[in-house]
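# A closer look at the structure
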Amino acid sequence: MITLETRCRSGHYLAAVVPMMGKELRTEYRVLVFRQGHEVYQETEETLEEAIRSAGAYLDWHKEQDFDS
């Protein structure tokens, strides 16, 4: 499992990238993002790189939203 986190005005976000056995015995990666302990985002990606990029993009988007408001 890989974790990423960010703190911004809208809250503390923690993203987890978790490997899961997918179809045809392939590993897929579940991206879960939590805000103050509550799940706010979930996505499944085919590669680890895509999953990390997806988690990072979600966290970056929230940081940018806080600066814009």
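Here, every reference points to the structure presented above.
This write-up is about the structure you can find in this document. Counting of residues starts from 1 at the beginning of each chain's written sequence and follows it residue by residue. Owing to the predicted nature of the model, reporting of local features is limited to residues with pLDDT of at least 70; listing and counting of side-chain atom pairs is limited to 80 or more, with chain, interface and lining totals taken over all residues. Excluding hydrogens and water, the side-chain figures rest on all heavy atoms present in the structure.

### With respect to the nonpolar core
- Note on terminology: a nonpolar core comprises buried Ala, Val, Leu, Ile, Met, Phe, Trp, Tyr and Cys residues joined through side-chain atoms within 4.5 Å. Burial here depends on accessible area, computed with a 1.4 Å probe over protein chains only, as a share of the maximum for the residue type. Under 20% is buried, over 50% is exposed, and the range in between is partly exposed. In terms of nonpolar packing, the biggest core is built from 11 residues, these being C8, Y13, A15, V17, Y29, V31, V33, A51, A55, Y58 and L59.
- Each helix is a run of DSSP H or I of at least 4 residues and each strand a run of E of at least 2, with the numbering of both proceeding from the N terminus. Looking at this core, the elements that each hand over two or more residues are β2 (11-21), β3 (27-35) and α1 (48-68).
- At 4 residues, α1 tops the list of elements feeding residues into this core.
- Note on definitions: a residue-residue contact is assigned when non-hydrogen atoms from the two residues lie within 4.5 Å. Leave out the neighbours within four places in its chain, and V17 touches M1, I2, Y29, R30, L48, A51, I52 and A55.

### Some thoughts on the environment of P19
- Tracing the backbone through its elements, the reader meets P19 in strand β2.
- When the C-alpha positions of P19 and I2 are compared, they lie 9.2 Å apart, and in sequence the two are 17 residues distant.
- Excluding anything up to four places from it in sequence, P19 contacts M1, T27, E28 and Y29.

### Observations concerning the pairing of strand β1 (residues 2-8)
- Relative to β2, β1 is paired through 7 bridges, and the arrangement is antiparallel. Bridge pairing links T6 to Y13 in β2. For two strands to pair, DSSP has to find at least two bridges joining them.

### So, the side chain of T6
- Tracing the sequence through the fold places T6 in strand β1.
- On the basis of relative accessible area, T6 is assigned to the buried category, the value being 7%.
- Each residue touching T6, except ones within four places of it in the same chain, is listed here: G11, H12, Y13, L59 and K63.

### Examining the sheet that holds strand β4 (residues 38-45)
- Pairing is antiparallel across the open sheet formed by 4 strands, whose spatial order is β1-β2-β3-β4. Two strands bound the open sheet, and with one partner strand each, they are β1 and β4. The average undirected angle you get between the axes of adjacent strands in this sheet is 15 degrees.
- Strand direction decides the pairing type here: β2 and β3, joined by 9 bridges, are antiparallel. Lines are fitted to the C-alpha atoms to define the axes, a helix being fitted only along its stretch in contact, and any angle between axes, read from their N-to-C directions, falls within 0 to 180 degrees.

As far as function goes, none of this settles anything; it's purely spatial.
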